[in-house]
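A structural walkthrough
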Amino acid sequence: MAVTTPQTPAPDLPVEERPRAIRSARTFGDRVFRALAGGAAATCLLIMAATGIFLTIKAIPALQAAGVWDFFTESVWQPAEDKLGVGGLLVNTVLIALVALAMGVPLALGLALFINEYAPARLKRWLTGAVDLLAAIPSLIFGMWGYFALQEPLSGVARWLADHLNALPFFRLTTPDAALTRSTFIAGAVVAIMITPIITSVSRDVMAQVPRVQCEGALGLGGSRWGMIRDVILPFGRSGIVGSILLGFGRALGETIAVVLVIALVFEPNFNILELGSGSISALIASKFGEAQGIEINALIAAGLALFIMTLVVNLIARSIVNRSKLGG
Amino acid sequence: MIVDPVVPAEPVPDARAPEDTDVPFRPKQLSAKDRVEYLLSAGSGLAFAWALCLVMDWRAPLTFAIWALVWFLGCTYVLSRDRTSRVVAQDRFVTTLIWLSGLLAVGVLVWMLVFVFLKGVGGLSLSFFTEDMAEVGPLDPGGGIKAALIGTLQQIAIATVISVPIAILTAVYLHEIKGRFATPVRFIVDAMSGLPSIVAGLVVFTIWVNEGGGFSGASAGVALAIMMIPIVTRTAEEILRTIDDGLRESALALGAPQWRAVLQVVLPTARSGLITASILGVARAIGETAPVLLTAFGSSVTNLNPFSGPQANLPLYIWGLLREPNEVSVNRAWSAALVLIMLVLVLFTLARVIGERGARKRGAR
């Protein structure tokens, strides 16, 4: 079988001077090879499709029993009476992710600028290694460190925030002597460290795309280094940086084990982020599935489906922003 | 407008700055005077924070550090604002903050590694590696990670056997074949890399474990493979991208069909990079807890058959012990965590060493 590679010959040339169309025979081996590689690529599509489809099928009984609207707005978990709702957990999942972004984004962007613009060349290599290593450390270890090492100093900070910054509604406490451990705040701090590597590495890539000539131009005009960053690098990389932050948000939403270890699971939405008691969809699945029976299993799958859809949407938006910013700027 | 309007094009000699005006002024270079200022600011910051904490009776070291930092930043800003200009002061202020974020990230990493080491090193002994938990009560001494190590080894092997061929072939599809669906496939692989680990476990649980398959090491292997595929694919694609196009074209020009060009020229050239990609995938999968929790479930006895019955593995071993409210269990968990982090570190270093050696070799060619 001969395949003609589509080539548009320059139309203004006389026929005899037009380049000859290249014909190459695709051998049997090539066809097998292409089919194999295509099959592998299709497997990836298949895995994602299967995830969505099977989770939906298994989620339907629980959604029917509890009612779709109630399932996503109520905050109860009584499988025996078909009363199931993850509304509060959804809120708390997003709250943990927002706290993580509030702490993680400045750190990650600072780190990205440090590696790209400030660090001496030797340090640069070590730092990139450190960021990669931070990404490779298991979530379980983060959780143990968060629970055993971070709890005490951070609850001190939480106490200070509650005493001095309680003009802000989310720093208020319901009772003055409320426990300040195992909270959204502390879980968010742990997750902040965990999402730093992804934000740093993606935004570093984007910032490195800024034409060096423009940076040097800014410096040559007498701008300081911060002036160069503020007026050239950040505006140029803005959409890519936004994308990297969204990617971090997606990771933070799905983080499981570190969050389970740190928080005390509650089902109600808890807007007092400094106080004991928080929750996340993944924490619910990890801590309840061991003794789940019957409809409760379906309910956990439905919760997982909600998480899957949420992270998928965030990730797809983030990726398309990042990809576009890498192409055009 | 690119440059701050206040910035003079020429360095204007400041009446208060006695520096030699022939030398162009560079805000990023610190003069001897600047250094003294920084040191004094730091000293006064510490003194201020100490006094403040004493007066207000704040005990937390973190509070002390934050106030010292705030005072230091304020001091350096005001001093350089006074002696030079607003632009310089801002630049230095931000420089300090950015250095701090670098130090903080490295500090957290070191803190975590040291913390795990100190907590876990006491419980390590030879028997910790050769015993399982079958006949060990929660408060008994002894017992170890034998079952967990065997489980981890088998599950990771299964995950690697499944994911590495798929991932490398997908990378080949994306970069060698550049098929019609390359863009959507790349998009999906990216989406997969953001898949929450618990969802990977949940889907295998839904399709296999809960449908009569039961908990097993093999199902954990499949869940881990789902986590590994995107990592290995993206790294492998990056590696293929670094391979010189001339190499491909030479092979094709010599008359090789594409499959031989890829199999005998491109992939062997990329070999070290592909090994790096696979090791990085393994390093990521070895510490995953959420997917294996829903598939392997964990077990205190040694289960040599990954195809039937719950199986232990290292993260599940730690997870199980952390749920038990006693000191002995938690100490055991720390020792196992140290072993786990050591494994990750070894794999990570190995991947980097192989990757760098390979990159050097390719560069020299």
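Residues numbered from 1 in each chain as written. Chains lettered and ligands numbered in written order. Predicted model: local features only at pLDDT ≥ 70, side-chain atom pairs only at ≥ 80, totals over all residues. Heavy atoms only, no water.

For the rest of this paragraph, the subject is the packing of helix H5 (residues 139-164) of chain A against helix H2 (residues 61-83) of chain B. Axis separation between H5 of chain A and H2 of chain B bottoms out at 8 Å; the angle between their running directions is 65°. Every residue of H2 of chain B that contacts H5 of chain A at Pro 153, Leu 154, Val 157 and Trp 160 of chain A is listed here: Leu 62, Thr 63 and Trp 67 of chain B. Counted by class, the contact of H5 of chain A with H2 of chain B contains 6 nonpolar, 1 polar and no charged residues. (Axes fitted to C-alpha atoms, helices over the stretch in contact; angles between N-to-C directions. Helix = DSSP H or I, 4+ residues; strand = E, 2+ residues; numbered from the N terminus. Contact = heavy atoms within 4.5 Å. Nonpolar A, V, L, I, M, F, W, Y, C, P; charged D, E, K, R; others polar.)

Next up on the list: the pattern of salt bridges. Opposite charge on two side chains lets them pair, provided their charged atoms get close. Under the defined criterion, the tally for this structure stands at 16 salt bridges over all chains. One salt bridge connects Arg 352 of chain B with Asp 132 of chain A, and the closest N-O pair in it is separated by 3.4 Å. One end of the pair, Arg 352 of chain B, is in helix H14 (residues 327-364); the other, Asp 132 of chain A, is in helix H4 (residues 121-136), on a second chain. Residue classification places Arg 352 of chain B among the partly exposed residues on the basis of a relative accessible area of 29%. The class for Asp 132 of chain A is partly exposed, based on a relative accessible area of 34%. In this structure, Arg 186 of chain B engages Glu 237 of chain B in a salt bridge whose closest nitrogen and oxygen atoms are separated by 2.9 Å. Remark: Glu 237 of chain B occurs in helix H8 (residues 217-242) and Arg 186 of chain B occurs in helix H6 (residues 182-193); sequence separation between them is 51 residues. (Salt bridge = Lys/Arg side-chain N within 4 Å of Asp/Glu carboxyl O. Buried < 20%, exposed > 50% of the residue type's maximum accessible area, 1.4 Å probe, protein only.)

All names here are of chain A. Mapping Met 228 onto the fold places it in helix H8 (residues 225-254). As for Met 228 and Ala 50, which are separated by 178 residues in sequence, their C-alpha atoms are 48 Å apart. Residue contacts for Met 228: discarding those within four places in its chain leaves Glu 117, Cys 215, Ala 218, Leu 219 and Ile 233.

So, about the packing of helix H3 (residues 87-118) of chain A against H4 of chain A. Each pair of packed helices gets described by two things: the angle between the helix axes and the distance between those axes. All names here are of chain A. Put simply, H3 and H4 touch, their axes get as near as 9 Å, and they point 150° apart. Taken together, H3 and H4 sit at an angle that is classed as roughly antiparallel. With respect to the hand of their crossing, H3 and H4 are arranged in left-handed fashion. Facing Leu 111, Phe 114, Ile 115 and Asn 116 of H3, the residues of H4 in contact are Leu 123, Lys 124, Leu 127 and Val 131. (Parallel < 35°, antiparallel > 145°, perpendicular 65-115°, else oblique. Left-handed = near helix turned anticlockwise from the far one by under 90°.)

Before going further, it helps to spend a moment on the side chain of Thr 311 of chain A. Inspection of the secondary structure assignment puts Thr 311 of chain A in helix H11 (residues 295-327). Judged by its relative accessible area of 2%, Thr 311 of chain A falls in the buried class. Those residues in contact with Thr 311 of chain A, other than ones at most four positions away along the chain, are Gly 250, Leu 253 and Gly 254 of chain A together with Gly 194 and Pro 196 of chain B.

The next point concerns a nonpolar patch on the surface. All names here are of chain B. A surface patch of nonpolar side chains, about 710 Å² in accessible area, is lined by Val 106, Val 110, Val 114, Phe 117, Leu 118, Val 121, Leu 124, Phe 129 and Met 342. Looking at the nonpolar patch, the element that brings in the most residues is helix H3 (residues 86-120), giving 5 residues. On the secondary structure map, Leu 124 appears in the loop between H3 and helix H4 (126-130). Under the relative-accessibility criterion, Leu 124 is labelled partly exposed at 32%. (Patch = residues over 30% accessible without salt bridge, like charges linked within 9 Å, V, L, I, M, F, W, Y side chains within 5 Å. Areas by Shrake-Rupley, 256 points an atom, 1.4 Å probe, with all protein chains shown as cover.)

Glancing now at the packing of aromatic side chains. In total, this model carries 18 aromatic pairs over all chains according to the counting rule given. Ring plane angle 70° and centroid distance 4.7 Å describe the contact between Phe 114 of chain A and Trp 99 of chain B, whose orientation is recorded as edge-to-face. Highlighted residues: Phe 114 of chain A in helix H3 and Trp 99 of chain B in helix H3, drawn from two different chains. Aromatic pair Phe 289 of chain A and Phe 297 of chain B: ring centres 6.2 Å apart, planes at 75°, arrangement edge-to-face. In this pair, Phe 289 of chain A sits in the loop between helix H10 (281-288) and H11 while Phe 297 of chain B sits in the loop between helix H12 (290-293) and helix H13 (314-322), so the two residues belong to two different chains. On the basis of relative accessible area, Phe 289 of chain A is assigned to the buried category, the value being 8%. Through a chain of ring-to-ring contacts, three or more aromatic side chains come together here, namely Tyr 147 and Phe 148 of chain A together with Phe 115 and Trp 334 of chain B. (Phe/Tyr/Trp six-rings, centres within 6.5 Å; stacked < 30°, edge-to-face > 60°.)

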